[in-house]
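A look at the structure
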Amino acid sequence: MKEKREMELKLQELKFSMIDLILFLDSHPKNKKAFECFKEMTEKYKALRSEFVEKYGPITWADTAEKDSWVWVDGPWPWEIEV
């Protein structure tokens with residue numbers, strides 16, 4: 001469970017950083033360094049998200065489209081998770 005939580009936190013960190021860069025790039029669209037950083041973080045996010053979905057199941061309902069069946073409800077519900 002610790003690894004799952006660490007992966008969730010890392011995904012949140014990457015997503016926050018990407019959003020921050022998006023906001024920066026909106027006002028500085030020609031900044032190549034920022035855009036390269038955004039692309040690098042996006043690749044890291046995609047890879048980690050893919051690994052997370054493979055190990056622990058879908059994060060959102062859209063992740064189930066890559067499975068063979070509707071697995072969205074297979075994992076424990078939030079109130080069933082032990083802390």
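Here goes a summary of the coordinates provided. (Residues numbered from 1 in each chain as written. Predicted model: local features only at pLDDT ≥ 70, side-chain atom pairs only at ≥ 80, totals over all residues. Heavy atoms only, no water.)

Things to note about helix 2 (residues 32-56)
This is how the line gets drawn: Where helices and strands are cited, they refer to DSSP runs of H or I of at least four residues and of E of at least two residues respectively, numbered from the N terminus. Expected span, for any helix, means 1.5 Å times one less than how many residues it has. Throughout, exposure labels follow a simple rule: accessible area from a 1.4 Å probe, protein chains only, divided by the maximum for the residue type, with under 20% read as buried, over 50% as exposed, and the rest as partly exposed. A contact between two residues is defined here by any heavy atoms of the two lying within 4.5 Å. Nitrogen and oxygen atoms within 3.5 Å of one another constitute a polar contact, given that in protein one can donate a hydrogen and the other can accept it, and given that sequence-neighbouring residues count only through two side-chain atoms.
An ideal rise of 1.5 Å per residue puts 36 Å on 25 residues; helix 2 measures up with 35 Å between its terminal C-alpha atoms. For helix 2, every residue scored as buried is listed here: A34, F38, M41, T42, Y45, L48, R49, F52 and V53. Close packing links the buried residues of helix 2 with helix 1 (2-27). Its side-chain oxygen at 3.2 Å from the backbone nitrogen of K33, N31 defines the N-terminal cap of helix 2. G57 occupies a position one or two residues after helix 2 and carries a positive phi of about 100 degrees.

Points about the packing of helix 1 against helix 2
Rule in force here: All axes are obtained by fitting lines to C-alpha atoms, using only the stretch in contact for helices, and the reported angles, taken between N-to-C directions, cover 0 to 180 degrees. Relative orientations are named as follows: roughly parallel for angles under 35 degrees, roughly antiparallel for angles over 145 degrees, roughly perpendicular for angles from 65 to 115 degrees, and oblique for any other angle. Should the near helix be turned anticlockwise from the far one by less than a right angle, the crossing is left-handed, and should it be turned clockwise, the crossing is right-handed. Each residue is assigned to one of three groups, with Ala, Val, Leu, Ile, Met, Phe, Trp, Tyr, Cys and Pro labelled nonpolar, Asp, Glu, Lys and Arg labelled charged, and all others, Gly among them, labelled polar.
With their axes 9 Å apart at the nearest point, helix 1 and helix 2 run at an angle of 155 degrees to one another. Here helix 1 is positioned roughly antiparallel relative to helix 2, judged by the angle of their axes. In the packing of helix 1 onto helix 2, the handedness of the crossing is left-handed. Along the lines of polarity and charge, the residues of the contact of helix 1 with helix 2 split into 17 nonpolar, 2 polar and 9 charged.

Looking at the side chain of D63
Examined against the element boundaries, D63 turns out to sit in the segment after helix 2. Looking at D63, the relative accessible area reads 11%, which means it is buried. Of note is the side chain of D63, whose polar atom sits 2.8 Å from the backbone nitrogen of I59. Among the polar contacts listed, one links the side chain of D63 to the backbone nitrogen of T60, at a separation of 3.0 Å. The residues contacting D63, other than those within four sequence positions of it, are R49, V53 and P58.

Some thoughts on the pattern of salt bridges
Filter applied, for reference: Salt bridge criterion: a side-chain nitrogen from Lys or Arg within 4 Å of a carboxyl oxygen from Asp or Glu.
Taken as a whole and assessed by the stated rule, the structure comprises 9 salt bridges. The closest approach of N and O atoms between E8 and R5, which form a salt bridge, is 3.3 Å. Remark: R5 and E8 occur in helix 1; sequence separation between them is 3 residues, near one turn of the helix. A residue is classified by how much of its surface remains accessible, and E8, at 25% relative accessible area, is partly exposed. Taking the relative accessible area as the measure of exposure, R5 reaches 42% and is therefore partly exposed. For K44, the salt bridge goes to E40, with nearest N and O atoms at 3.4 Å. Taken as a pair, K44 and E40 lie in helix 2 at a separation of 4 residues, close to a single helical turn.

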